[in-house]
Amino acid sequence: MKDLMLLRQKNSITYCIKEKKPCIGWVNRYFKDCLCNLSDEFSFAFGLVSLFCWGVAEVPQIITNFRTKSSHGVSLLFLLGWVGGDIFNLAGCLLEPATLPTQLYTAVLYTTTTIILVLQSLYYDYFYKCWKHRDDDSGQEVEEVKKPLRPQKPTDSGIPIPKGIGVSASRRMDFYFTSARSLAGSATPPFRSNLRPIASGPSAVGLNHDYSSDEDTVNAPLNISVSQPKPIPRSAGYGAFLATSSGMPHQTKALIVGFGGRKLFQEHGTEHSALGQVLGWMMAAVYMGGRLPQIWLNIKRGNVEGLNPLMFVFALIANVSYVGSILLRSTEWNKIKANMPWLLDAVVCVVLDLFIILQYVYYKYFRKQSSTSNGRDDEGAYK
Ligand SMILES: NC(=[NH2+])NCCC[C@H](N)C(=O)O
């Protein structure tokens, strides 16, 4: 009977020991998670909401950038902070057994969308602007040489126009006005002087986690406090990590990670990765700090042109449901403690996102009236 159970656990993949029932099939199959009770199901549902919200969060900003052919509303530092935090997050989720599978999937999803957004921002703010400036400059030169400096009061010009230059001699006259303008000293800012130097772009994350190089789990003792693991795939490396580390129920990770030789520490029967925790805290610091450049950019510009508030609305919902998914899964202090960097980060980000949304409302609907009445120009973004 015991052997049968073991076999069943190996073959039928996952089984809720305490509840004495199999895991939900599709969740187990597609998300490698085992839901044993209602609270697990709610936790998973919140996880899905978070996954969805993060999946779409950056799309409105990508569309806004595309429409305006610029990314002047979003701080590049903020986006780079996201990418930096994502790297720590991915590594932390992979190493910390207490994190949920949906956390890892979510991390993969938003890292991808953020990288797209960063690349788009770099394109519009650097390459596109450069090309446009080049085009504009050559077009402007043609325009400028055609018109006099002060066409309304030609006599005001301190430089006398030599006699004998008629309409037919327009080409010579063009040169004359061109040089006069340069002599007078143009107020036009020097070419590209309004462009920031390019910050070093995000580099792709190259994680190479070898989770299971052999059939460790098959021989591994059963962890009876949790649902049972699925056989662990042997493939390794970043490209395959979805199929490996996340390809197992989160409860299993401790076991695997432990067997994989990772440094785990045991606390009241729950194993944690020390490195996973360190990475989690680094992630939290980077994510939380990352909002500041955006807040500062909004203040500095005094407007929110080019910023799509939906990104922060979705991020806010995503972070709230993320917290919900973690807390509903387990209220055990050990699990909460292990998830503390993720929880704290999400809570602080909710507050900061709320602040940014309020900033948006303020600049868009209250400040705008005063700025337009002052005749202020909202353009001229900088970061
Ligand atoms: N690239 C991303 N969107 N990363 C998600 C970051 C999650 C983090 N809690 C934050 O809101 O900042």
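Residue positions are given per chain, counted from 1 along the sequence in the order it is written. Selection of residues for local features in this predicted model requires a pLDDT of at least 70, selection of side-chain atom pairs for listing and counting requires 80 or more, and totals for whole chains, interfaces and linings are taken over all residues. Only hydrogens and water are removed before side-chain values are computed, so all heavy atoms of the structure are retained for them.

Under an unreviewed UniProt entry, the name given to the protein chain is Vacuolar amino acid transporter YPQ1, and the source organism is Nicotiana attenuata. According to the UniProt record, the Subcellular location (unreviewed entry) comment for the protein chain is "Membrane". UniProt positions are given in the numbering used here, feature names are shortened, and annotations may be inferred rather than shown by experiment.

S.K.: It is not clear to me how the site of the ligand should be interpreted in this structure. Could you clarify?
M.R.: Near is defined per residue: the residue qualifies when any heavy atom it owns lies within 4 Å of the molecule or strand. Surrounding the ligand, one finds Trp-54, Glu-58, Trp-82, Asp-86, Tyr-110, Thr-114, Tyr-287, Arg-291, Asn-319, Asp-345 and Cys-349. Within the side chain of Asn-319, a nitrogen or oxygen atom sits 2.9 Å from an oxygen atom of the ligand. A distance of 2.7 Å separates a nitrogen atom of the ligand from a polar atom in the side chain of Asp-345. Protein chains shield 98% of the accessible area of the ligand, which is 340 Å² for the free molecule. Elements with a minimum of two residues in the shell around the ligand: α5 (76-95), α6 (101-146), α10 (274-301) and α13 (340-373). Here a polar contact means two N or O atoms within 3.5 Å. Within protein one must be a hydrogen donor candidate and the other an acceptor candidate, and residues neighboring in sequence count only if both atoms are side-chain atoms. A 1.4 Å probe and the Shrake-Rupley method give the accessible areas. Residues count as covered only by the protein chains that appear here. Note on conventions: DSSP H or I runs of at least 4 residues are helices, E runs of at least 2 residues are strands, and numbering of each starts at the N terminus.

S.K.: Whenever I open this one, the UniProt feature "transmembrane region" (unreviewed entry) in the protein chain confuses me. Can you help?
M.R.: In this structure's numbering, the residues bearing the UniProt feature "transmembrane region" (unreviewed entry) are residues 74-92, 104-124, 310-330 and 342-363. Between the end C-alpha atoms of residues 74-92 there is a gap of 27 Å, over a span that is 89% helix and 0% strand. Here residues 310-330 is 95% helix and 0% strand, with 31 Å between the C-alpha atoms at its ends.

S.K.: When you look at the packing of aromatic side chains in this model, what are you seeing that I'm missing?
M.R.: Any two aromatic rings considered together are summarised by their centre-to-centre distance and by the angle between their planes. We call Phe, Tyr and Trp rings a pair once their centres come within 6.5 Å, taking the six-membered ring for Trp, and we label the pair stacked below 30 degrees between planes, edge-to-face above 60, and tilted otherwise. All told, the structure shown has eleven aromatic pairs when counted by the stated rule. Pairing Trp-54 with Trp-82 gives two aromatic rings, centres 5.6 Å apart and planes at 80 degrees, and the pair type is edge-to-face. Remark: Trp-82 occurs in helix α5 and Trp-54 occurs in helix α3 (residues 38-57); sequence separation between them is 28 residues. Each member of the pair, Trp-54 together with Trp-82, is buried. Centroid distance Tyr-126 to Phe-127: 5.3 Å. Interplanar angle 85 degrees. Geometry classified as edge-to-face. Looking at Phe-127, the relative accessible area reads 39%, which means it is partly exposed. Members of the aromatic cluster, connected to one another through ring pairs, are Trp-54, Phe-78, Trp-82, Tyr-110 and Phe-312. We call a residue buried when its accessible area falls under 20% of the maximum for its residue type, exposed when it is over 50%, and partly exposed in between, using a 1.4 Å probe and counting protein chains only.

S.K.: What should I look at first to understand helix α11 (residues 309-329) in this one?
M.R.: The periodicity of an α-helix, 3.6 residues per turn, causes residues three or four places apart in sequence to face the same way. Across its 21 residues, α11 extends 30 Å between first and last C-alpha, which sits within 8% of the 30 Å expected from 1.5 Å per residue. Two or three places before Leu-310, at the start of α11, stands the capping residue Asn-308, its side-chain oxygen 3.0 Å from that residue's backbone nitrogen. Take the residue count of a helix, subtract one, and multiply by 1.5 Å to get its expected span.

S.K.: Before we go on, may I ask you to explain the state of the cysteines in this structure?
M.R.: Each disulfide is one covalent bond, formed between the sulfur atoms of two cysteines. Count a disulfide wherever a pair of cysteine sulfur atoms falls within 2.5 Å. Summed over all chains, the structure comprises two disulfides. Two residues share a disulfide in this structure: Cys-16 and Cys-36, whose sulfurs sit 2.0 Å from each other. Looking down the S-S bond of the Cys-16 and Cys-36 bridge, the torsion is -90 degrees, so its handedness is left-handed. Of this pair, Cys-16 sits in strand β1 (residues 15-16) while Cys-36 is found in the loop between α2 (25-31) and α3, placing the two residues 20 residues apart along the sequence. Given a relative accessible area of 1%, Cys-16 falls into the buried group. The side chain of Cys-23 participates in a disulfide bridge whose partner is Cys-34; the two sulfur atoms lie 1.8 Å from each other.

S.K.: Help me understand the packing of α5 against α10 in this model?
M.R.: Angle between the axes and distance between the axes: these two values describe a pair of packed helices. In the contact formed by α5 and α10, the axes pass within 8 Å of each other and the chain directions differ by 165 degrees. With respect to each other, α5 and α10 are oriented roughly antiparallel. Along this stretch, α5 crosses α10, giving a crossing that reads as left-handed. Contacts between α5 and α10 involve Leu-77, Phe-78, Gly-81, Trp-82, Gly-84, Gly-85, Asp-86, Phe-88, Asn-89, Ala-91, Gly-92 and Leu-95 on the former and, on the latter, Leu-275, Gly-276, Leu-279, Met-282, Met-283, Val-286, Tyr-287, Gly-290, Arg-291, Pro-293 and Gln-294. Only the stretch in contact is used when a helix axis is fitted, and all axes are lines through C-alpha atoms; the angle between N-to-C directions ranges over 0 to 180 degrees. Under this scheme an angle from 65 to 115 degrees is roughly perpendicular, one under 35 degrees roughly parallel, and one over 145 degrees roughly antiparallel; angles in between are oblique. The handedness criterion is simple: a crossing whose near helix is rotated anticlockwise from the far helix by less than a right angle is left-handed, and one whose near helix is rotated clockwise is right-handed. Contacts were defined at the residue level, with two residues in contact if any of their heavy atoms lie within 4.5 Å.

S.K.: I keep staring at the confidence of the model for the protein chain and nothing clicks. Help me out?
M.R.: Do not read the predicted coordinates in detail wherever pLDDT is low. Averaged over all residues, the pLDDT of the protein chain equals 70, while 57% of them reach at least 70. The score called pLDDT rates the predictor's confidence residue by residue, from a low of 0 to a high of 100. Overall, residues 1-12 carries pLDDT values under 50, and its contacts beyond four positions in sequence, including any with other chains, amount to 14 contacts. In the model, residues 153-262 has pLDDT below 50 throughout and makes 170 contacts with residues more than four positions away in sequence or in other chains.

S.K.: Help me understand unusual backbone geometry, please; the structure alone is not making it clear to me.
M.R.: In terms of backbone geometry, most residues other than glycine have negative phi values and most peptide bonds are trans. Although it is not a glycine, Lys-32 adopts a positive phi angle of roughly 55 degrees. Phi is positive for Lys-69, which is not a glycine, with a value near 50 degrees. Of note, Lys-69 is situated in the loop between α4 (59-68) and α5.

S.K.: Help me out: how do you make sense of the pattern of salt bridges in this one?
M.R.: Pairs can form between side chains of opposite charge whenever their charged atoms are close. A pair is scored as a salt bridge if a Lys or Arg side-chain nitrogen falls within 4 Å of a carboxyl oxygen belonging to Asp or Glu. Under the counting rule described, the total for this entry stands at three salt bridges. Residue Arg-329 is joined to Asp-33 by a salt bridge in which the shortest nitrogen-to-oxygen separation is 2.8 Å. Here Arg-329 is found in helix α11, whereas its partner Asp-33 is found in the loop between α2 and α3, with 296 residues between them in sequence. The two residues Arg-329 and Asp-33 agree in class, both being buried. Overlapping salt bridges bring together Asp-33, Asp-40 and Arg-329 as one network.

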